[in-house]
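Next come the chains, spelled out residue by residue.
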Amino acid sequence: MAQTALYQEVAERLRQRIFAHELLPGARIDEQALALDYGISRTPLREALKVLASEGLVTLRPRRGCFVTEVSEQDLDDIFPLMAMLEGRCALEATTRAQPEDLARLDALHGQLEQFAESNEIARFFEANQAFHYQIQEMSGNRRLRQVIQDLRKVLKLTRLFSLSIDGRLQQSLVEHAAILAAIKAGDAAGAQAAMHDHILAGRQALARSHVAQELAT
C-alpha cells in the first residue's frame, strides 16, 4: 500500500511540474536525477511515468527514454472538436439537473472570472476557468462523461494557457462564459450546449492565433 501511494504521489508531483511548464514539452525526463531528487528508487518513479503516459502527458520511447508530450497542431485539431461535443453535452445535462445551490456556485465562479479578467491575471483566470468548467461537469451528474473530459483537459493544459495571452481573448472568453451561464440559469439546455460548443472551438481558434504570433516573433 505504501508503495502504491508513493508512485501516485510522485505522479502528481510530476503532473504539476508539467502543467507549470517546469518540465517543457519535448523535454527528456531524467529518471536518475528525479529519483535522486525525490529520494526514491527507480521503481515507483517508473510506475508514476506509466500513469502519466496513460494520461498522454509523457511519451515512453523504447531505448530512448521518457519525454514530456509535445502537442501538435493536428493533435489540437483532433481534440478540440471532440471536447466541444463532450462539454456541450455536459452543459446540456447540467442545465436539466441544475439546483439553486449549483447555480450559486457557478455564479460565484463567474464572479472570479470577471475579477481576474479585470485585473488581467491570466494564470488565475485560467484556474477559475478550469473550476467553472468542472462545476458544470459535476452538475451534469455524468461520471463517465466527466472522466473523459478531464483526461482530455490534462493534455490541453500543456498548451491552453497561451491562448489567453492573445489580445482580446481574455475578454472574449469572459463573454462566452457569461453566455453559457445565462443559458443554464434560464433552463435553456440546447442554448447552453450550443454556447459551450462554440466556446471550446473559439479556444482552438485563439490557440491557433497564439501559435502564429509566436512564429512571427521568432
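Values in this document were obtained by computation on a predicted structure and should not be read as measured data.

## Focus: helix 6 (residues 122-140)
Across its 19 residues, helix 6 extends 27 Å between first and last C-alpha, which sits within 8% of the 27 Å expected from 1.5 Å per residue. Positive backbone phi, approximately 70°, marks glycine 141, located one or two places after helix 6.

## Brief notes about the confidence of the model for the chain
Close reading of the predicted structure is inappropriate where its pLDDT is low. Across the chain, pLDDT averages 90, with 92% of residues at or above 70. The weakest mean pLDDT in the chain belongs to helix 9 (residues 189-217) at 81; the strongest belongs to helix 5 (residues 100-118) at 97. Confidence over residues 213-218 falls short of pLDDT 50; this stretch has 2 contacts with residues more than four positions distant or in other chains.

## Remarks on the side chain of histidine 110
Within the secondary structure layout, histidine 110 lies in helix 5. Take histidine 110: its relative accessible area is 7%, and that puts it in the buried class. Leave out the neighbours within four places in its chain, and histidine 110 touches Phe132, Leu174, His177, Ala178 and Leu181.

## So, the environment of leucine 181
Along the chain, leucine 181 falls in helix 8 (residues 169-185). Residue leucine 181 is classed as buried on the basis of its relative accessible area of 6%. Between the C-alpha atoms of leucine 181 and alanine 131, which are 50 residues apart in sequence, the distance is 13 Å. Those residues in contact with leucine 181 that lie beyond four places of it in its chain are Leu106, Asp107, His110 and Phe132.

Parameters at a glance
- Residues numbered from 1 in each chain as written.
- Predicted model: local features only at pLDDT ≥ 70, side-chain atom pairs only at ≥ 80, totals over all residues.
- Heavy atoms only, no water.
- Helix = DSSP H or I, 4+ residues; strand = E, 2+ residues; numbered from the N terminus.
- Expected span 1.5 Å × (residues − 1).
- pLDDT = per-residue confidence, 0-100.
- Contact = heavy atoms within 4.5 Å.
- Buried < 20%, exposed > 50% of the residue type's maximum accessible area, 1.4 Å probe, protein only.

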